[in-house]
Amino acid sequence: MLLRLIQYYQVLELMIVVLHQCHKESEEKWKRLSRQVTDMVLPLLAKQQINLDNQIALDVLHRLFESVAPSVFRPVDILLKALFAPPYDLTLVHSIERWLCLVLSIIRVLIAQSKEEVVLSRLQELGLAVNVFTTRVRPANEGRNKVQLSSDETFARFLLQIIGLLSHEISDSCTSLTKQSGSHAFMSQQMAHLLLYITHMFQSGQFRKVATSAMALIKQDAPEYMYSVDQINAAFRDMAMVYPTLTLQWCNVLILLNYEDQTWWSEIVQTPRKYIMASPGQDMSVSDSLMPLARCCNMEITRRGGLILFCDYVCENLNDAEHMTWVIINHVSDLIELSHEPPVQDFIGAIHRNSAASGLFIQAIHSRCENLSKPSLVKKTLQCLEAIHLSQSGALLTLLIDKFLHTHHLAVARMCDLLACRRLEMLLADSAEESKTQLPLEDLETLLQYVKNTGLTRRHARLASLLNKLRNLLCPESVLTLSPERTHPLDVTSEDIAEMVINKTFYMSIARDQCFSSSIVPKDCAILLQKLDYSDILAIMMTKEFNLSILAQCITLGKHATLALIEKQTRSSLHQGQTSVPEQSLHPLLQAAQLTLLRHINNHINMLPVPHEVIAHDNKLNSQEEQFLEKMEEFYSDTSWIEGVTHLTSTLVQYLLTLSQFPWQPNIPKESVRDISRFVVLNVEILHWMLHQDRLPSTEQLETTLMCCTTVLQNPDLFAVIGQKEHTTWVCTLILAVHQLLSSVLVIPGESLVTLPNQDSTEDQPQHSYDGFHHVLRACDQISELLHCLKTYLNPQSSDSKLPKFLGNLLRNIIIGLARLPLVISYARTPPLAWKLGWLPSPSGDMRTILPPLPLKYLQEKDVLKEFIFRLNMIGWTTRQQFEETWMALLAVLNPAIMSEEHHVSPEEEIDRTQCIILAVKGITSLLVQSTLAPESGNPCNSTYECRPRNKPLAFLHTKCGKRLTVVRDMIEKELRHLCSVNCGSIYTRHHPVQPFDNNIERELGKDGITLGQMSIESIWSLVGMLDFADHENTEGDHSTVPRERSSSLSGLDIHSCICFLLDLYGQWLSPQANPRTPLMQINETIKSVVTISDLFTEKQQFEWMFDTLLEVQRLHPVEDELVVQYLIVGICKAAAVIGMDVPVAEKVGRLLEATLKSPHMSSRIATMYGSLYILETGMSDTTKLILPVITEYLLKQLENITQINIQSQQHVLVMWASAFYIVENYQEIIGETDITFKVLQLSSSMASGNEELTPIPVYLAILRGLERLMLTNVLNKQDSETLIKLSVDRLCMPSPQRAMAALGLMLTCMYSGKQGDQYTPPIMLRQPSFEDDGCEVPMPQDPESLIIAMERVTVLFDRIRKGFPFEAQVIAGILPLFLSDFFPPQDIMNKVIGEFLSSQQPHPQLMATVVFKVFSTLHAKGQHALVRDWVMLSLSNFTQRTPIAMAMWSLTCFFISASTNEWLRSLFEHVLGRMGKMETVDCRFFCLAALDFRSQLTDDGQLRAFHSTFQSVASKEKPYADLMACCT
């Protein structure tokens, strides 16, 4: 039965089971059945009657032949006859596949069970011939033209014919458009098996004669009815695009057959024609075009695999040098890329063993390897060069130094340095003649000069030393040194040190040398210039040799010096009783830096071609644009010019930020405004050009360019210039470049950045005609796309956000700034969906870009309105007209008259209309709130919302101790704010006093958004005219927190009328008699809007309306609606606090507060706490006495629970602590006899001491700020102060820098507030530390026990300097001198500071040297020169014993300069500070100069003798001390 169904391969599988069973039962039966199966299957296979159409069927056939008895295949005649029989049918694909199954199964049996001699002898006797031809039918004249082939040739030709047949069939399917994809998948599998069998036959040596015949056949011309090797190669080349592994298998077969045709291998490995070496039979021109490079993965697989195979062939045939040369010259980059492959490794090893090949390899790398920007590729190259032939060491050195050593990737540079040093040591070990042969003296000197000129000597000192040593070995008659040219005055002077005078001339020479040096420390150079006059500074800065990288530091130092100068003048005028404001002038250093910067920018701008053109690289350029681009590319290709622009850009950023941080807001010189504006456009053009050239800018360059663009767009003067109509091309260029940057970073080439609703189809895409406005129209479309990106790619909360935070913030600010420009703001504010809905306005203006207001019918579309409000919130407005147009547009959506015009509105339409009204309410609320932005209303880009904190000014800060505390506390606060900065908005920071004690405690540092509690009740009273300033000033020392005018009034907006209209409309909606009834969600949004805009109220009657209306809504509204209740409670409390309450109303509000505090809804409780704060701000009254017990009970209970469990709501915790500290500070008369203060202190200490998971950083900072205010208001006693100091000392040891810095601030506040005997002095702004000012001297504790305790706390500070981060150490070192001078007598200060300076465990000796310098400066200012000299003499022996000698000499130099009274020598302190660890001639002479200066101050003979004896005892051991003694004699 099975035999009848034998044509199905499933039956063959059953036959296998039967055969196995027969084999187990009886071997004879097994053999008999095997013969029977074979006799039946082979003829059916030959007739293609068995359904073998997939790989599974073929595997079954193989297993069947493995299951039969081997004896059935002896002799092999039956197999050979079936194999060489004419194919039954080869016209269809499945016919070929079935015939191939026969061929593969027979070849597999022959390989496994027969020997070559047997197969070939039987083939010869049977007289079988090849019956597979190119025409698929036997040629008619075959008999007459038949050439008698030997058996081995017959077998070889048969295999080639099968390969030819299959390859052509498969290649036709790959190149044909009519054949179905995947129809030849099984045939490609069969081809892979066939090539695998042939590879085994040839490589194993089993069919040696067949392989030899095949070698001969591929070199002969094949008959026309036979496949030639060229035809087969062409077929495999065509199928490489689809079946790369088949092509590689064929390549492997050719390698086994020693096929070395260079044309074929050039095509496989895709050798560029200009690199192909012409063989004797070829004539190739170098000017031929390049061959097509690999453009798909499969072709790349073929190329790489082919090269690996050919490398293997070359390694097997090393006697033929031509092939190795061809691979090295043409594919050196590929060899390096594939160097991890074993055949390529063997090939590179063969190169290393051959001197000539090694030389050729080095030359090829030098000339062919051009793109070495990837560090991984450079590393592979160096690994390939590591074992190069020793005779090529000289050439290798030249390559390494010339091509790899200058890389900015330090790991690669170190690897290159190590390899070069190893080869240099080998050359030094050889004879001089051998070394000179490998590296001629001229080449060596060229390398030395290159290393010297490029500044590589310092980074690769050992390499430079070995090069110099080899050079001196090759040419001993002229010794060369690699040291840089000595230009330092102490290096080149021939004057005796003992006779040198340290004066202004000497100082100027050092300053000039440092500023002209190639290797500079910008900050040190700026400090040197700071000590000079304006004319002297300008004389140095205006020279051609001045290094521009110093300018940024000059501006930074000039800013600090300017602020210090203004404060000093203010302090002096107050001491003299003057009330006039001192002259606001810039420091000479800042003036000179400003002039130098603007001159250089002007020079660069004057070099640029005019008029300016917009260059859109992706479009065809006209003749004017091409000329402009050609001239600009001359600058772009100049590396030194681009580097100068980069330095100026970073300096310009610093300059603009500096101007914004001065209190009086100085303006940019008018003549430079246009130059700066054009300069930022130039920067963006450079960035755009680099992206077009596929040259990615560095992160630093990208950030600097974007930061420059941000600061320029946020400067009002520069913004106005860029927006002028004659600078339209500037605006288009800026928008085009930013759009290109986002496209390059975020999307793959060819894709659009975004698809707006009006660009859904290709027909909707903007088509720009190339007239005079096409760039403007394109800019309008692109700015709309960029604004859309603010919701996707540039939204920090979006999942599409892929940019790093610094880049995203900068781009957000730039896009908003560009969208506010007059040219495009009208388009930017228009929702794209409006265009799709059919809006066709008539643009106006010079550039036809000003659009009329959006009609109401479009704004009533919810999606259009939503997008309109989004763009309004992002962009704001620039003119009063824009504000009024926006107001009227949104008001039209709110107008209730529109709602009553239509009847029979469906519920769905009603919901949709209500949602539009809600969106309009949100938009109009945001519009009004943006009017409070300062300093520029309506500009969210460079402004922040007005914030008037509730905390009152502290009288303690106007005492002597308070002023000293303000100095040190402000230094900590600035660093703390920098650490906690999470500002995602404006990068442009304007001047704001630090005021660490004034801000609302619940407000997180770095967040400037609008929140509840934004305006204090006192400031609202001032705005609505309820505050009596005369009485207020009599009770408070400072009323700076009370505003007299709003920023909205400065911009000319009539906010009062807007508020009045809105309140009238809101009153109708919230009225119980509203008809139709106002929807619930509209009520919710309306109440939220009322609470938000209440900060803008200007009349008491408006708060009365607010109180009455919200109270009525609360009475009628269900209490279960927590969403509405949360806004009702805070609105009622705020209005009640402003207008005042009698006892019945207070009781009602108290019950409302008590009920809401019990709510399970967290937002309602948070709102209740803010509402209670509003009431508490009103001061002591019967109302607050009624409410206070409810609030305190809730606070104590909740805070106690929070200290035991994880925080659920951070905002809730923050507002509770703010309330608790406010009550303790301002209501001591009521709670003084209770334990509330004790409990708050206990809970705050417990929570601040908790782990970081339990107490987040914002909560921790809020607690510590609250405790500081309690200390400064004298609420806490001395015992409480000691408790808080212990807490702060404990927290100061925490690893988190934010927590440690905050704890340091608390410790200082506690210590300064504990001082007694200070008197009140007038208000003074002391923001910069002045260690030479004794006007604020404070008494010091004389109790020895107190001194010991205070010294223990100082020890904690020194420990933090050792263990903390470098920036922490810098902050602590900055406050230490003033802190030490305030709390310790000089002897204790000197002992501690000098001991730390000398400690070998101190990781920051430069900071400690600065502390010593400032402490000595304080003593000098007090006239205690003798004390300074005494301490120096006491410490001299300790300094001379310090090791190593370089550190000892540097420490002594700093020590002597600190003790000096020579102003020019003291001005050199920072210069000497930067030379730590050096022991050059300059350092030795500085040491001698400083020591001699100190010696000249000694008037006592005993001190002179001690000075001489101290250095005389060590002069014999160390040369610097001996030189000093020589100068003394």
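So, how was this worked out
Residues numbered from 1 in each chain as written. Predicted model: local features only at pLDDT ≥ 70, side-chain atom pairs only at ≥ 80, totals over all residues. Heavy atoms only, no water. Helix = DSSP H or I, 4+ residues; strand = E, 2+ residues; numbered from the N terminus. Contact = heavy atoms within 4.5 Å. Phe/Tyr/Trp six-rings, centres within 6.5 Å; stacked < 30°, edge-to-face > 60°. Buried < 20%, exposed > 50% of the residue type's maximum accessible area, 1.4 Å probe, protein only. Lys NZ or Arg CZ within 6 Å of the ring centre and 35° of its normal. Axes fitted to C-alpha atoms, helices over the stretch in contact; angles between N-to-C directions. Parallel < 35°, antiparallel > 145°, perpendicular 65-115°, else oblique. Left-handed = near helix turned anticlockwise from the far one by under 90°. Nonpolar A, V, L, I, M, F, W, Y, C, P; charged D, E, K, R; others polar. Expected span 1.5 Å × (residues − 1). Salt bridge = Lys/Arg side-chain N within 4 Å of Asp/Glu carboxyl O. Lys, Arg positive; Asp, Glu negative; His and termini not counted. Core = buried A, V, L, I, M, F, W, Y, C linked by side-chain atoms within 4.5 Å. pLDDT = per-residue confidence, 0-100. Patch = residues over 30% accessible without salt bridge, like charges linked within 9 Å, V, L, I, M, F, W, Y side chains within 5 Å. Areas by Shrake-Rupley, 256 points an atom, 1.4 Å probe, with all protein chains shown as cover. Charge placed at Lys NZ, Arg CZ, Asp CG, Glu CD.

Concerning the overall build of the protein chain
Next up, step 1: A tally of regular secondary structure across the protein chain gives 73 helices and two strands.
Next up, step 2: At a minimum sequence separation of 6, the contacts of the protein chain that also span at least 24 residues come to 76%.

Things to note about the environment of Arg98
Next up, step 1: Relative to the helices and strands, Arg98 resides in helix H5 (residues 93–113).
Next up, step 2: Separated by 89 residues in the primary sequence, Arg98 and Met187 place their C-alpha atoms 9.6 Å from one another.
Next up, step 3: Those residues in contact with Arg98 that lie beyond four places of it in its chain are Gln48, Ile50, Asn51, Leu52 and Asp53.

Observations concerning the packing of aromatic side chains
Next up, step 1: All chains considered together, the criterion is met by 37 aromatic pairs.
Next up, step 2: Look at Phe1416 and Phe1455: their rings are 5.6 Å apart centre to centre, the planes differ by 40°, and that puts the pair in the tilted class. Of this pair, Phe1416 sits in helix H66 (residues 1405–1421) while Phe1455 is found in helix H68 (residues 1445–1459), placing the two residues 39 residues apart along the sequence.
Next up, step 3: Of the residues examined, Phe1416 reaches a relative accessible area of 1% and is grouped as buried.
Next up, step 4: Taking relative accessible area as the criterion, Phe1455 reaches 0% and is therefore assigned buried.
Next up, step 5: Among the aromatic residues, those joined into a ring-pair cluster are Phe1456, Phe1487, Phe1494, Phe1507, Phe1511 and Tyr1521.
Next up, step 6: Against the face of Phe870 rests Lys791, its NZ or CZ located 5.2 Å from the ring centre.
Next up, step 7: Cation over ring: Arg1299 sits above Tyr1260, and NZ or CZ is 5.0 Å from the ring centre.

Things to note about the packing of helix H23 (residues 441–453) against helix H24 (residues 461–474)
Next up, step 1: At their nearest, the axes of H23 and H24 sit 10 Å apart, and the two run at 150° to each other. Taken together, H23 and H24 sit at an angle that is classed as roughly antiparallel. Judged by the sense of rotation from one axis to the other, the crossing of H23 with H24 is left-handed. Along the contact surface, H23 presents Leu441, Leu444, Glu445, Leu448 and Val451, while H24 presents Ala464, Leu467, Asn468, Leu470, Arg471 and Leu474.

Here's the deal with the packing of helix H8 (residues 151–175) against helix H11 (residues 229–239)
Next up, step 1: Where H8 contacts H11, the axes come no closer than 8 Å and their chain directions differ by 35°. The two elements H8 and H11 cross, and the hand of that crossing is left-handed. Residues Leu160, Ile163, Gly164, Ser167, His168, Ile170, Ser171, Cys174 and Thr175 of H8 form the contact with H11, whose participating residues are Gln231, Ile232, Ala235, Phe236, Asp238 and Met239.
Next up, step 2: Its residues assigned to classes, the contact of H8 with H11 comprises eight nonpolar, six polar and one charged.

Topic: helix H20 (residues 393–404)
Next up, step 1: For H20, built from twelve residues, the straight-helix expectation of 16 Å at 1.5 Å per residue is met to within 8% by its first-to-last C-alpha distance of 15 Å.
Next up, step 2: What H20 keeps buried is the set Ser393, Gly394, Leu396, Leu397, Leu399, Leu400, Ile401 and Phe404.
Next up, step 3: On its buried side, H20 packs onto helix H18 (355–368), helix H19 (375–385), helix H21 (410–429), helix H22 (432–438), H23 and H24.

Here we look at the pattern of salt bridges
Next up, step 1: Considering all chains together, one arrives at 41 salt bridges under this definition.
Next up, step 2: The salt bridge involving Asp846 is made with Lys725; its shortest N-O contact spans 3.5 Å. Of this pair, Asp846 sits in the loop between helix H40 (832–836) and helix H41 (856–859) while Lys725 sits in the loop between helix H35 (716–722) and helix H36 (728–746); the two residues are 121 residues apart in sequence, bridging distant segments of the chain. One exposure class covers both Asp846 and Lys725, and it is exposed.
Next up, step 3: Beyond isolated ion pairs, a larger network of salt bridges with shared partners links Glu300, Arg303, Arg304 and Asp334.

Considerations on the side chain of Asp998
Next up, step 1: Mapped onto the elements, Asp998 comes out in the loop between helix H46 (960–979) and helix H47 (1017–1023).
Next up, step 2: Although Asp998 is buried, it makes no salt bridge; Arg1269 carries the closest opposite charge, 4.2 Å away.
Next up, step 3: When residues no more than four places from it in sequence are discounted, the contact partners of Asp998 are Pro949, Asn951 and Arg1269.

Some details on the nonpolar core
Next up, step 1: In this structure, Trp1217, Phe1379, Phe1456 and Phe1507 are the most contacted members of the largest nonpolar core, which totals 357 residues.
Next up, step 2: Ranked by residues supplied to this core, first place goes to helix H33 (residues 670–692) with twelve residues.
Next up, step 3: Aside from chain neighbours lying at most four places away, what touches Phe1456 is Val1432, Leu1436, Phe1487, Ala1490, Ala1491, Phe1494, Phe1507 and Phe1511.

Side note on the environment of Lys862
Next up, step 1: Structurally, Lys862 is set in helix H42 (residues 862–875).
Next up, step 2: Separated by 57 residues in the primary sequence, Lys862 and Leu919 have C-alpha atoms spaced 8.0 Å apart.

Some details on the environment of Val344
Next up, step 1: Topologically, Val344 is positioned in helix H17 (residues 342–353).
Next up, step 2: Under the relative-accessibility criterion, Val344 is labelled buried at 0%.
Next up, step 3: Val344 sits 29 residues away from Cys315 along the chain, and the two C-alpha atoms are 9.1 Å apart.
Next up, step 4: With near-sequence residues (within four places) excluded, Val344 lies in contact with Ile308, Cys311, Leu335, Leu338 and Ser339.

As for the side chain of Thr1086
Next up, step 1: Note that Thr1086 resides in helix H51 (residues 1080–1093).
Next up, step 2: Overall, Thr1086 belongs to the buried group, its relative accessible area being 0%.
Next up, step 3: Filtering out sequence-adjacent residues up to four positions away, Thr1086 remains in contact with Tyr1066, Trp1069 and Leu1070.

What to know about the confidence of the model for the protein chain
Any region with low pLDDT has predicted coordinates that should not be read closely.
Next up, step 1: The predicted model of the protein chain averages 84 in pLDDT, with 89% of residues at 70 or higher.
Next up, step 2: Between residues 898–902, whose pLDDT stays under 50, and residues either more than four places distant or in other chains, the model counts eight contacts.
Next up, step 3: Ignoring residues within four places in sequence, the model shows residues 1029–1044, a span with pLDDT below 50, making 28 contacts including any to other chains.

Section: a negative patch on the surface
Next up, step 1: Residues Asp221, Asp230, Glu260, Asp261 and Glu322 make up a contiguous surface patch of negative charge.
Next up, step 2: Tracing the backbone shows Asp261 in the loop between helix H12 (244–256) and helix H13 (262–268).

Regarding unusual backbone geometry
Negative phi characterises most residues that are not glycine, and trans characterises most peptide bonds.
Next up, step 1: The omega torsion across Arg74 and Pro75 is -5°, close enough to zero to call that bond cis.
Next up, step 2: Mapping Pro75 onto the fold places it in the loop between helix H3 (55–67) and helix H4 (77–84).
Next up, step 3: Omega for the bond connecting Ala934 with Pro935 falls within 30 degrees of zero, at 15°, which places this linkage in the cis form.
Next up, step 4: Following the sequence through the fold, Pro935 ends up in the loop between strand E1 (933–934) and strand E2 (944–945).
Next up, step 5: The phi angle at Asp694 is positive, at roughly 60°, despite the residue not being glycine.

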